[in-house]
Amino acid sequence: MSDEATAVRLDPWARALLRCPVTGSELVDGTDADGAPVLIGTDGTRRLAYPVRDGIPVLLVDEARAL
């Protein structure tokens, strides 16, 4: 699967609504160690990464990985 197929593609207004379900911080694009796309919380004390599967952010607490 290509990066384009897994990248998060949202309108800016929809993207602005997404928040980390744990900290409430804004989420930014990132990649994990394998190069897979993730969304990363911007909280200064508790940074969490959420997977993106088939272009869909998985914003479940149980799926979060601490950075």
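Residue numbering note: each chain is counted from 1, following its sequence as written. With the structure being a predicted model, the display of local features is reserved for residues of pLDDT at least 70 and the display and counting of side-chain atom pairs for 80 or more, all residues being used for whole-chain, interface and lining totals. Heavy atoms throughout the structure, all of them, feed into the side-chain values; hydrogens and water do not.

A look at the nonpolar core
Okay, step 1: Listed in full, the seven residues of the largest apolar core are L18, C20, L27, L39, L48, Y50 and V52.
Okay, step 2: Here a strand is any run of E in DSSP of at least two residues, a helix any run of H or I of at least four, and the numbering for each starts at the N terminus. When residues of this core are assigned to their parent elements, the largest contribution, three residues, is made by strand β3 (residues 48–53).
Okay, step 3: Any pair of residues with heavy atoms lying within 4.5 Å of one another is described as a contacting pair. When residues no more than four places from it in sequence are discounted, the contact partners of C20 are S25, L27, L48 and Y50. Take the buried residues of types Ala, Val, Leu, Ile, Met, Phe, Trp, Tyr and Cys, join any two whose side-chain atoms come within 4.5 Å, and each joined set is a nonpolar core. Relative accessibility thresholds used throughout: buried, under 20% of the residue-type maximum; exposed, over 50%; partly exposed, between the two (1.4 Å probe, protein chains only).

Points about the confidence of the model for the protein chain
Caution is warranted with low-pLDDT regions, since their predicted coordinates should not be read in detail.
Okay, step 1: Values of pLDDT, ranging from 0 to 100, describe the predictor's confidence in every residue of the model. In the predicted model, the protein chain carries a mean pLDDT of 87, and the fraction of residues at 70 or more is 88%.
Okay, step 2: The secondary-structure element of the protein chain with the lowest mean pLDDT is helix α1 (residues 3–6), recorded at 46, while strand β5 (residues 65–66) shows the highest, at 96.
Okay, step 3: Across residues 1–6 the pLDDT falls below 50, and counting only partners more than four positions away or on other chains, this stretch makes 10 contacts in the model.

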